[in-house]
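Structure assessment
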Amino acid sequence: MILYHGSNLDVKNPDVLHSQICLDFGVGFYVTSVKEQAERWAKRKGLLLGSEIGIVSIYEYIEDNNFIIKDFVDDLETWIDFVCDCRNGSDSYKQYDLIKGKVANDKVFRVVDMYKQGVWNKERTIKEIKVYETYDQFAFISQKAIDSMLVYKGCFEV
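Every value quoted in this text rests on a predicted model; they were computed, and no experiment measured them.

Moving on, we come to the overall build of the protein. In terms of helices and strands, the protein carries five helices and seven strands. Taken from the N to the C terminus, the helices and strands of the protein come in the order β-β-α-β-β-α-β-α-α-β-α-β. Taken over C-alpha atoms, the radius of gyration comes to 16 Å for the protein, in line with the 15 Å a tight globule of 158 residues would show. With respect to the principal axes defined by its C-alpha atoms, the protein has extents near 45 × 40 × 25 Å. Looking at the protein as a whole, 45% of its 158 residues qualify as buried.

So, on to the sheet that holds strand β4 (residues 69-71). Pairing is mixed in the open sheet, where four strands are placed in the order β2-β6-β5-β4. Each having just a single partner strand, β2 (29-31) and β4 make up the two edges of the open sheet. Averaged over all pairs of adjacent strands, the angle between their axes in this sheet comes to 15°, without regard to strand direction. As paired elements, β4 and strand β5 (residues 98-102) share three bridges and run parallel to each other.

Between side chains of opposite charge, a pair can form when the charged atoms approach closely. A complete count under the given rule lists five salt bridges for this structure. Two residues, Arg87 and Asp24, come together in a salt bridge whose shortest N-O distance is 2.6 Å. Of this pair, Arg87 sits in helix α2 (residues 76-87) while Asp24 sits in the loop between β1 (2-7) and β2, and the two are 63 residues apart along the sequence. Residue class for Asp24 comes out buried when judged on its relative accessible area of 3%. A salt bridge links Lys153 to Glu60, with the shortest nitrogen-to-oxygen separation between them at 3.5 Å. With a gap of 93 residues between them, Lys153 in strand β7 (residues 150-157) and Glu60 in strand β3 (residues 55-61) connect regions that are remote in the sequence. In this structure Glu60 comes out as partly exposed when scored by relative accessible area, which is 30%.

With that out of the way, let us pick up the pairing of β1. In terms of residue burial, β1 counts as a mostly covered element, since five of its six residues are buried. Sheet topology note: the β1/β3 ladder contains six bridges and is antiparallel. Across the sheet, the residue bridging to Leu3 is Tyr59, located in β3.

Rules behind the numbers
Along every chain, residues carry numbers that run from 1 in the direction the sequence is written. In view of the model being predicted, local features appear only for residues whose pLDDT reaches at least 70, and side-chain atom pairs are presented and counted only at 80 or more, with totals across whole chains, interfaces and linings using the full set of residues. Calculation of side-chain values draws on the structure's entire complement of heavy atoms; hydrogens and water are dropped beforehand. A helix here means a DSSP run of H or I that spans at least four residues, while a strand means a run of E at least two residues long, and both kinds are numbered starting from the N terminus. Just to be clear, the radius of gyration here is over C-alpha atoms, and the globule rule we use is 2.2 Å times residues to the power 0.38. Each residue gets one of three labels from its accessible area relative to the maximum for its type: buried under 20%, exposed over 50%, partly exposed in between, using a 1.4 Å probe on protein chains only. Whether two strands pair depends on DSSP finding at least two bridges between them. In this analysis, axes come from line fits to C-alpha atoms, helices being fitted only over the stretch in contact, and the angle between any two N-to-C directions falls in the range 0 to 180 degrees. Criterion for a salt bridge: a side-chain nitrogen of Lys or Arg within 4 Å of a carboxyl oxygen of Asp or Glu.

Below, the structure written as structure tokens:
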């Protein structure tokens, strides 16, 4: 499977050290199987840093069942609570080497925020999330998982 990482630079040697905190699945190296999603993120990152150019790095993903992998698949109920916890600073994500699931993009995160604030219950939140186009994300939490399961293949500009 091919995975993509959108940034302002080519990431030949990904690591978990350059991650932001309080992301959907905690601190880690994030990639997606959706090329267009990575392209949008690369353009956005480039513009945020004063450049009109973004870079999408390409990796081959080789799953290794020797690692602890959490895959939310279509489990939105568990996913919502997990994302809220991580965005609130919980370190519960650290029990995994790799976490796969949907992305709380800007639109979806607004819905998750309504749930987090208690404005909507879980049922209403899940119903609202299903309306939006969803993308995926793979968060590599441990460096060992990155080194074992991601093989750099190249990059391109957007």
